[in-house]
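What the coordinates show
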Amino acid sequence: PDGSRVVFLRSSAGDDPVNALWVLDARSGEERLVADPRRLLDPDADDSLPAAERARRERMREGAGGITAYATDTDVRVVAFALAGRLFVGGLLSAAARELEVPGPVFDPRPDPTATSVAYVSGAELRVAGLDGTVRTVAAPDDGEEGAVSWGSADFVAAEEMHRFRGFWWRPDGEALAACRVDVTHVEQWHISDPAHPGRPPHTVRYPAAGTANPDVSLHVLGLDGSRVDVQWDRAALPYLADVRWLDTDRLLLTVQSRDQ
């Protein structure tokens, strides 16, 4: 925010698809390497991506590897990113990164504005990890909702058609998150076969085709103290949640849309 530093991704050469994380001192012109995936990941470790991360890269037409997304605190001093479903944090002043060992798989990690903890999605759950590695689950499906309900992720319509790729937002004081709850119970299932491998079972997905049921998307403010406030608007008339922003610690700004729009 003060214009002193620029954080960016770059690979080592034009024929290298693996991005590393760098920081540039805007006054001196000095570049410092913060995180190199080849050094952070064991070459013999499983580097497979969680399904949510594969879908995000496909939607964003992301062809690179390594670090393809990251988030920082308000002052751009702490950074968080995921590699192979594992959580990493780094100091942008010290130019050093380390793994924060937490239960995974880790998707869309984001430091809170005050740089004291990191929220991330793991499957259908929204979790918050302290920088000491302690983890709490902020929201998870109730009994009987497994497979139909998820917290903290964008639904298919929002991600594919509205380019809202995230499903949670830190409050400016870092004491609460606004988070989406997505229920796909009534969304039709489609079965997609792979023509290159016809012997494999088809892949089943929930897809809201035109004229059929959409996911039920709601928004909730979840306090780290266990509190919960359900955000109300006319979801029957305006079912699409296109954007969410905090104006301050007491006010949210929502962009919502009707289905015919």
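Residues numbered from 1 in each chain as written. Predicted model: local features only at pLDDT ≥ 70, side-chain atom pairs only at ≥ 80, totals over all residues. Heavy atoms only, no water.

If you tally the helices and strands in the protein, you get three helices and 21 strands. In summary, the protein has a C-alpha radius of gyration of 19 Å against a globular reference of 18 Å for 261 residues, a match within 12%. C-alpha extents for the protein along the principal axes are approximately 55 × 55 × 35 Å. Contacts spanning at least 24 positions in sequence make up 47% of the contacts within the protein whose residues lie at least 6 apart. Looking at the protein as shown, the accessible area adds up to about 14,000 Å², and 48% of this sits on carbon and sulfur atoms. (Helix = DSSP H or I, 4+ residues; strand = E, 2+ residues; numbered from the N terminus. Rg over C-alpha atoms; globule rule 2.2 N^0.38 Å. Contact = heavy atoms within 4.5 Å. Areas by Shrake-Rupley, 256 points an atom, 1.4 Å probe, with all protein chains shown as cover.)

The strand order across the open sheet built from four strands is E9-E10-E11-E12, with neighbouring strands paired in antiparallel fashion. Strand pairing shows two members of the sheet lacking a second neighbour, strand E9 (107–111) and strand E12 (135–139), which therefore form its edges. Strand-to-strand twist of the sheet, defined as the mean angle between neighbouring strand axes without regard to direction, takes the value 25 degrees. Examined bridge by bridge, strand E10 (residues 117–122) and strand E11 (residues 125–130) share six bridges and lie antiparallel to one another. Its bridge partner being in E11, Ala 119 is matched across the sheet by Val 128. (Pairing = 2+ DSSP bridges. Axes fitted to C-alpha atoms, helices over the stretch in contact; angles between N-to-C directions.)

On inspection of all chains with the given rule, the structure shows 16 salt bridges. Arg 39 is the partner of Asp 36 in a salt bridge, and the nearest nitrogen-oxygen pair spans 3.7 Å. Residue Arg 39 is classed as exposed on the basis of its relative accessible area of 68%. Between Asp 230 and Arg 228 there is a salt bridge, with the nearest N and O atoms lying 2.9 Å from each other. (Salt bridge = Lys/Arg side-chain N within 4 Å of Asp/Glu carboxyl O. Buried < 20%, exposed > 50% of the residue type's maximum accessible area, 1.4 Å probe, protein only.)

Here we take up the side chain of Ser 153. Residue placement: Ser 153 occurs in the loop between strand E13 (149–151) and helix H3 (156–161). Every residue in contact with Ser 153, bar those within four places of it in the chain, is listed here: Val 121, Gly 167, Cys 180 and Val 182.

Within the secondary structure, Arg 56 is located in helix H2 (residues 51–59). Classification of Arg 56 as buried rests on a relative accessible area of 11%. Within the local environment of Arg 56, its side chain forms a polar contact with the side chain of Thr 68, the two groups lying 2.7 Å apart. In this structure Arg 56 touches Thr 68, Ala 69 and Phe 107, once residues within four positions along its chain are discounted. (Polar contact = N/O pair within 3.5 Å; in protein donor to acceptor, adjacent residues only side chain to side chain.)

As a further point, take the sheet that holds strand E7 (residues 86–91). The strand order E5-E6-E7-E8 describes an open sheet built from four strands, whose pairing is antiparallel. Both edges of this open sheet fall to strand E5 (71–72) and strand E8 (96–99), since each of them pairs with a single strand only. Bridge analysis of strand E6 (residues 78–83) against E7 gives six bridges, and the strand direction is antiparallel. Bridge pairing links Ala 82 to Leu 87 in E7.

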